[in-house]
Amino acid sequence: MQIDSSTPPLARPIQWVIILFMSLIAFITYAMHYDEMFFPNADSPWHLAAGDLIRELGHVPMYDPWAFTNNDTIWYNMAWLYDVLISYINSWFGLEILHVVHIFFGAVLIGLIAKCCFVRGAGVFATIIAVGLATLTIAPDLQIRPQLFSVLLAALSYLWLMENRQAPTKKIWLLPLM
């Protein structure tokens with residue numbers, strides 16, 4: 001099903017209110033538990049340390065400085081840009097703001113999932129159920145890790161593809177840049 005001109009005019013504002021409401025609930029829920037989401041993850045402090053090291057050296061190191069075996073093995077830090085960005089955020093604003101930034105992007109992800117449901121033609125109740133289940137599924141991965149942005153970009157790509165299928169737009173040409 002598609003949301004088109006046959007959708008009642010009042011349904012679209014209600015959909016946006018629901019999307020914003022679900023994003024706000026996700027933001028508040030994640031904010032209440034951000035310390036539980038961050039500290040059990042051993043990767044988060046490592047990403048901060050790697051970002052600090054890259055900023056200090058001015059380039060991505062050739063070898064992993066923390067390895068205690070295979071010191072001569074080349075290190076491929078696939079998330080170097082993410083590491084540098086969170087290192088800057090942490091140094092400028094502190095760890096609390098870094099948490100808020102990640103919580104914000106988690107809430108945006110929940111809003112994108114809700115928008116995808118509405119674009120596919122799901123009703124309000126079905127969207128609430130789908131977003132609730134999606135939130136339970138992705139909540140463990142909403143830590144300070146680069147995967148959050150991968151999932152966010154995947155949801156945005158999916159939304160743009162669905163919208164382009166209904167009414168072609170020029171946004172579709174931005175997909176290769178993501």
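Above: the structure in question.
These numbers come from a predicted model, not from an experiment.

Looking only at helices and strands, the protein chain has 7 helices and 0 strands in total. Element order for the protein chain, N to C, with α for helix and β for strand: α-α-α-α-α-α-α. Here the protein chain holds 178 residues, and 37% of them are scored as buried. Long-range pairs, those at least 24 residues apart, make up 68% of the contacts in the protein chain between residues at least 6 apart in sequence. When the accessible surface of the protein chain is split by element, carbon and sulfur atoms take 70% of a total near 11,000 Å².

Looking at where Thr127 falls in the secondary structure, it is placed in helix 6 (residues 124-138). Within polar-contact distance, the side chain of Thr127 engages the backbone oxygen of Gly123 at 2.7 Å. In this structure, Thr127 is in contact with Met22, Ala114, Cys117, Phe118 and Ala122, ignoring residues within four places of it in sequence.

With that settled, consider the packing of aromatic side chains. Counted according to the given criterion, the structure contains 6 aromatic pairs. A ring pair is formed by Trp92 and Phe93, whose centres lie 6.3 Å apart and whose planes are at 85°; its orientation type is edge-to-face. Summarising the burial analysis for this pair, Trp92 and Phe93 share the class exposed. A centroid spacing of 5.5 Å and a plane angle of 65° characterise the contact between Phe104 and Phe105, whose relative ring orientation is edge-to-face.

In this section: helix 7 (residues 147-166). Its 20 residues place the ends of helix 7 29 Å apart at the C-alpha level, agreeing with the 28 Å of an ideal helix rising 1.5 Å per residue. Of all the positions in helix 7, only Leu148, Leu152, Ala155, Ser157, Leu159, Trp160, Met162, Glu163 and Asn164 are classed as buried. Of the surrounding secondary structure, the elements contacted by the buried residues of helix 7 are helix 5 (95-119).

As a further point, take helix 6. For helix 6, spanning 15 residues, the distance from its first C-alpha to its last is 21 Å, which sits close to the expected 21 Å at 1.5 Å a residue. Of the residues making up helix 6, those classed as buried are Thr127, Val131, Ala134, Thr135 and Ile138. Buried residues along helix 6 cover an arc of 100° about the axis, so they all sit on one side. With respect to the buried face of helix 6, the exposed residues turned more than 90 degrees away are Phe125, Leu133, Leu136 and Thr137.

With that settled, the discussion passes to the packing of helix 3 (residues 43-57) against helix 4 (residues 80-93). In contact at an axis separation of 7 Å, helix 3 and helix 4 are set at 90° when each is read in the N-to-C sense. Here helix 4 runs roughly perpendicular to helix 3, going by the angle between their axes. Here Trp46, His47, Leu48, Ala50, Gly51, Asp52, Ile54 and Arg55 of helix 3 lie close against helix 4, whose contacting residues are Trp80, Tyr82, Asp83, Val84, Ile86, Ser87, Tyr88, Asn90 and Ser91. Partitioning the contact of helix 3 with helix 4 into residue classes produces 9 nonpolar, 5 polar and 3 charged.

Here we take up the nonpolar core. Among the nonpolar cores identified, the biggest contains 20 residues, and Met22, Leu109, Ile110, Ile113, Val131 and Leu159 are the most heavily contacted of them. At the level of elements, helix 1 (11-32), helix 5, helix 6 and helix 7 are the ones that each hand at least two residues to this core. The element that contributes the greatest number of residues to this core is helix 5, accounting for 8 residues. Setting aside its immediate chain neighbours within four residues, Met22 contacts Ile110, Ala114, Thr127, Ile128 and Val131. The next biggest cluster of nonpolar side chains, apart from the first, holds 6 residues, and it includes Tyr82, Ile86, Leu98 and Ile144.

Relative to the helices and strands, Asp83 is located in helix 4. With a relative accessible area of 0%, Asp83 lands in the buried category. A polar atom in the side chain of Asp83 sits 3.0 Å from the side chain of Asn77. Beyond its immediate sequence surroundings of up to four residues, Asp83 is in contact with Trp46, His47, Ala50, Gly51 and Asn77.

Thresholds applied
- Residues numbered from 1 in each chain as written.
- Predicted model: local features only at pLDDT ≥ 70, side-chain atom pairs only at ≥ 80, totals over all residues.
- Heavy atoms only, no water.
- Helix = DSSP H or I, 4+ residues; strand = E, 2+ residues; numbered from the N terminus.
- Buried < 20%, exposed > 50% of the residue type's maximum accessible area, 1.4 Å probe, protein only.
- Contact = heavy atoms within 4.5 Å.
- Areas by Shrake-Rupley, 256 points an atom, 1.4 Å probe, with all protein chains shown as cover.
- Polar contact = N/O pair within 3.5 Å; in protein donor to acceptor, adjacent residues only side chain to side chain.
- Phe/Tyr/Trp six-rings, centres within 6.5 Å; stacked < 30°, edge-to-face > 60°.
- Expected span 1.5 Å × (residues − 1).
- Arc of directions from axis to C-beta.
- Axes fitted to C-alpha atoms, helices over the stretch in contact; angles between N-to-C directions.
- Parallel < 35°, antiparallel > 145°, perpendicular 65-115°, else oblique.
- Nonpolar A, V, L, I, M, F, W, Y, C, P; charged D, E, K, R; others polar.
- Core = buried A, V, L, I, M, F, W, Y, C linked by side-chain atoms within 4.5 Å.

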